[in-house]
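Architecture and fold: a report
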Amino acid sequence: MQSKFSNSAARITRLGRRGCDLMEALGRAGVFLFQSAVGVPSREGWRLWLHQMHFVGVLSLAIVLVSGLFIGMVLALQGYTILVDFGAEQALGQMVALSLLRELAPVVAALLFAGRAGSALTAEIGLMKATEQLTSMEMIGVDPLRRVVAPRLWAGFVSLPILTVGFSVVGIWGGYLVGVEWLGVFEGSYWSNMQASVAFVDDIGNGMIKSAVFALVVTWIAVFQGYDLVPTSEGISRATTRTVVYSSLAVLGLDFVLTAIMFGGL
Amino acid sequence: MTDAPFIEIEELYFSRGDHEIFRGVNMTIPRGKVTAIMGPSGTGKTTLLKLIGGQLTPESGRILIDGQDVHKLSRKALFTLRKRMGMLFQSGALFSDLDVFENVAFPLRVHTDLPNTMVRDLVLLKLQSVGLRGARHLTPAELSGGMARRVALARAVALDPELILYDEPFVGQDPISMGVLVQLIKRLNQALQLTSVVVSHDIKETLSIADYLYLIADGQVVAHGTPQTLDTNEDPRVSQFIHGEPDGPVPFHYPAEAFYRDILGDAPMIQIG
């Protein structure tokens, strides 16, 4: 009886401690975000940001565009086989465009971005921490949050929405290749149905808002995990994994919440 | 130059988790001299440097650098104070995405508006003083451990700081690089009138350059004085460290339960013979 009681007490204590740890980590991450993101960038800051735009954005372009192409092609193929049963294959353009703009482009681009750029950011910042580069920067009188973290954070925040636009454009073109060129859907109805049904604010605008939210969350998780890790090889490996796992879960969870608000009438 | 001490550490307490690292440390580091802080591994020498640099915050007590309480400064003021300090890290901690030249130029580029030609001249002067002017185009990955530390030293003095903190500068160096570093630290201190704090457990080298020594063990200062006074100190803790005796007040064995119990468990002891 005594041991049963002490077991549950220990479990509750553990749960409480985990809760406190989680709150503390969230608080640290919040302060971290504020200290890194708020402030006027210097001329050197702009140069570092541009450099990171290349590293984070341009180098993610290939994987995002190729994935967009395949996803657009698969969407058209799957959509066609269903729509043709109802004689509605002329609505293929509308289906491909809405699926991509509202859901697939922001979500899949964010997941790919977390895997390609997010993990790289965590590993890079983590290795800089493990080799005392961040500490030495502090001792030189340069704030690593401004010098190392801020350009990466802003580069991620700006580049993911642009990548998402690229993903949608290439995906729609992939849908066109399969639907129109291969399966013989009438080209005029592919484009005109799309134009008639896609609303700029509701569909494109909401997709971009989703993408901006995912960009902030994924990049925030990536740079924070890198900055906050235990500076050992095991610590870097764990943090890199955490970046991909947390980012993916956050993107999928937030996607549901945002979709419910934007399209679910909440 | 005033005679007031450059760093004053008063009643410093610091722990990591349940492990007490400092229990009331007091130190005075004179201006323009080389002060060595020595002690066995694990006594928190590097932690002390991080406390001086404001990277860690003590539980109680205070550290004054040139009259300013390091841990009461705002983040901005702390970074301003750090411009007056240089620190040489054990690993060198060079920026891996910059070459040797840019590593040394880094503090000049971020803290001054000097034209490129002047930055170039200053960097070459600093690299010349550590003997690595010819290595300016190498990347940190191409340097040996000793060279990396010399480049880091050139970077640490790039802004002509008033204080320089050396974290175990002699660890893992071959005798030649060791000799070079000893000479460099001595020469830099004399030429630039720096205040230097050397944290080390390499007795011979440290005694040869230090003007004043602090020995820390068990979270406290156990002795301090000039190299000559410490050499003749009869405190067993001081003498064990200075003369490198393997066993003494600092035990050879890490605390553990009785050896026979660890090996044999609870089996009764058997008398033989």
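Residues numbered from 1 in each chain as written. Chains lettered and ligands numbered in written order. Predicted model: local features only at pLDDT ≥ 70, side-chain atom pairs only at ≥ 80, totals over all residues. Heavy atoms only, no water.

Here the focus is the overall build of chain B. Looking only at helices and strands, chain B features ten helices and ten strands. Its C-alpha atoms give chain B principal-axis dimensions of about 85 × 40 × 35 Å. Taking all 273 residues of chain B together, the buried fraction comes to 46%. Long-range contacts, defined here as pairs at least 24 residues apart, represent 62% of the contacts in chain B between residues at least 6 apart. With an accessible surface of roughly 13,800 Å², chain B has 53% of that area assigned to carbon and sulfur atoms. (Helix = DSSP H or I, 4+ residues; strand = E, 2+ residues; numbered from the N terminus. Buried < 20%, exposed > 50% of the residue type's maximum accessible area, 1.4 Å probe, protein only. Contact = heavy atoms within 4.5 Å. Areas by Shrake-Rupley, 256 points an atom, 1.4 Å probe, with all protein chains shown as cover.)

All names here are of chain B. Here four strands make up an open sheet; going across it, the order is S2-S1-S4-S5 and the pairing antiparallel. Every interior strand has two partners, whereas the edge strands, strand S2 (19-29) and strand S5 (68-69), have only one. Relative to strand S4 (residues 60-65), strand S1 (residues 7-16) runs antiparallel, the two being bridged by five bridges. What sits directly across from Glu8, in S4, is Leu64. (Pairing = 2+ DSSP bridges.)

Another aspect to go through is the packing of aromatic side chains. The final tally for this structure, using the stated rule, is nine aromatic pairs over all chains. Pairing Phe32 of chain A with Phe224 of chain A gives two aromatic rings, centres 5.3 Å apart and planes at 65°, and the pair type is edge-to-face. Separated by 192 residues along the polypeptide, Phe32 of chain A in helix H1 (residues 2-37) and Phe224 of chain A in helix H8 (residues 200-228) bring together distant segments of the chain. Phe224 of chain A matches Phe32 of chain A in its accessibility class, with the two residues each being buried. On the numbers, 4.7 Å between centres and 65° between planes, the contact of Phe95 of chain B with Phe106 of chain B is edge-to-face. Of this pair, Phe95 of chain B sits in the loop between strand S6 (85-88) and helix H3 (100-111) while Phe106 of chain B sits in helix H3, placing them eleven residues apart in sequence. Accessibility expressed as a relative area gives 2% for Phe95 of chain B, which makes it buried. Taken together, the ring pairs connect Phe32, Phe224 and Tyr227 of chain A into an aromatic cluster. Above the ring of Phe79 of chain B, the side-chain terminus of Arg82 of chain B is found at 5.0 Å from the ring centroid. The ring of Phe95 of chain B has Arg155 of chain B sitting right over it, with the charged end atom 4.6 Å from the ring centre. (Phe/Tyr/Trp six-rings, centres within 6.5 Å; stacked < 30°, edge-to-face > 60°. Lys NZ or Arg CZ within 6 Å of the ring centre and 35° of its normal.)

Now for the pattern of salt bridges. The full count for this structure, using the stated rule, is 20 salt bridges over all chains. Between Glu234 of chain A and Arg238 of chain A there is a salt bridge, and its shortest N-O distance comes to 3.3 Å. Of the two residues, Glu234 of chain A and Arg238 of chain A are both situated in helix H9 (residues 233-263); the distance of four residues between them amounts to about one turn of the helix. For Arg62 of chain B, the salt bridge goes to Glu10 of chain B, with nearest N and O atoms at 2.8 Å. Taken as a pair, Arg62 of chain B in strand S4 and Glu10 of chain B in strand S1 lie far apart in primary sequence, 52 residues in all. Here the salt bridges do not stand alone but share partners, grouping Arg31, Asp66, Arg84 and Glu162 of chain B into one network. (Salt bridge = Lys/Arg side-chain N within 4 Å of Asp/Glu carboxyl O.)

Residue and element names in this part refer to chain B. Not every positive phi belongs to a glycine, and Asp160 is a case in point at roughly 50°. According to the relative accessible area criterion, Asp160 is partly exposed, its value standing at 45%. The phi torsion at Glu168 lies on the positive side, around 45°, for a residue other than glycine. One can find Glu168 in the loop between strand S7 (163-167) and helix H6 (175-192). Owing to a relative accessible area of 5%, Glu168 belongs among the buried residues under this scheme.

Another aspect to go through is the interface of chain A and chain B. The interface is formed by 16 residues belonging to chain A together with 21 residues belonging to chain B. Summed over both partners, the interface of chain A with chain B buries about 1,700 Å², with 59% contributed by carbon and sulfur atoms. Across the contact surface, chain A and chain B share one salt bridge. In this structure, Asp143 of chain A and Arg75 of chain B form a salt bridge, with 2.7 Å as the shortest nitrogen-oxygen distance. The dominant element in the side of chain A that touches chain B, judged by the number of residues it contributes, is helix H5 (residues 133-139) of chain A, at six residues. In terms of residue class, the side of chain A that touches chain B is made up of six nonpolar, six polar and four charged. (Buried area = accessible area lost by both parts, 1.4 Å probe. Nonpolar A, V, L, I, M, F, W, Y, C, P; charged D, E, K, R; others polar.)

The next thing to look at is the UniProt feature "domain: ABC transporter" (unreviewed entry) in chain B. UniProt annotation of "domain: ABC transporter" (unreviewed entry) refers to residues 7-243 of chain B when read in the numbering used here. Measuring from the first to the last C-alpha atom of residues 7-243 of chain B gives 29 Å, for a span that is 38% helix and 26% strand. (UniProt positions renumbered as here; feature names shortened; annotations may be inferred.)

All names here are of chain A. As recorded in UniProt, the feature "transmembrane region" (unreviewed entry) lies at residues 55-84, 153-176, 212-231 and 243-263. For residues 55-84, helix accounts for 87% and strand for 0%, while the C-alpha atoms at its two ends are 44 Å apart. Each end of residues 153-176 is marked by a C-alpha atom, and these two atoms are 35 Å apart; helix forms 100% of the span and strand 0%.

What follows is about the environment of Leu69 of chain A. All names here are of chain A. Structurally, Leu69 can be placed in helix H3 (residues 61-83). Remark: the alpha-carbon pair of Leu69 and Ala215, spanning 146 residues in sequence, is separated by 21 Å. Leave out the neighbours within four places in its chain, and Leu69 touches Val170, Trp173, Gly174 and Leu177.

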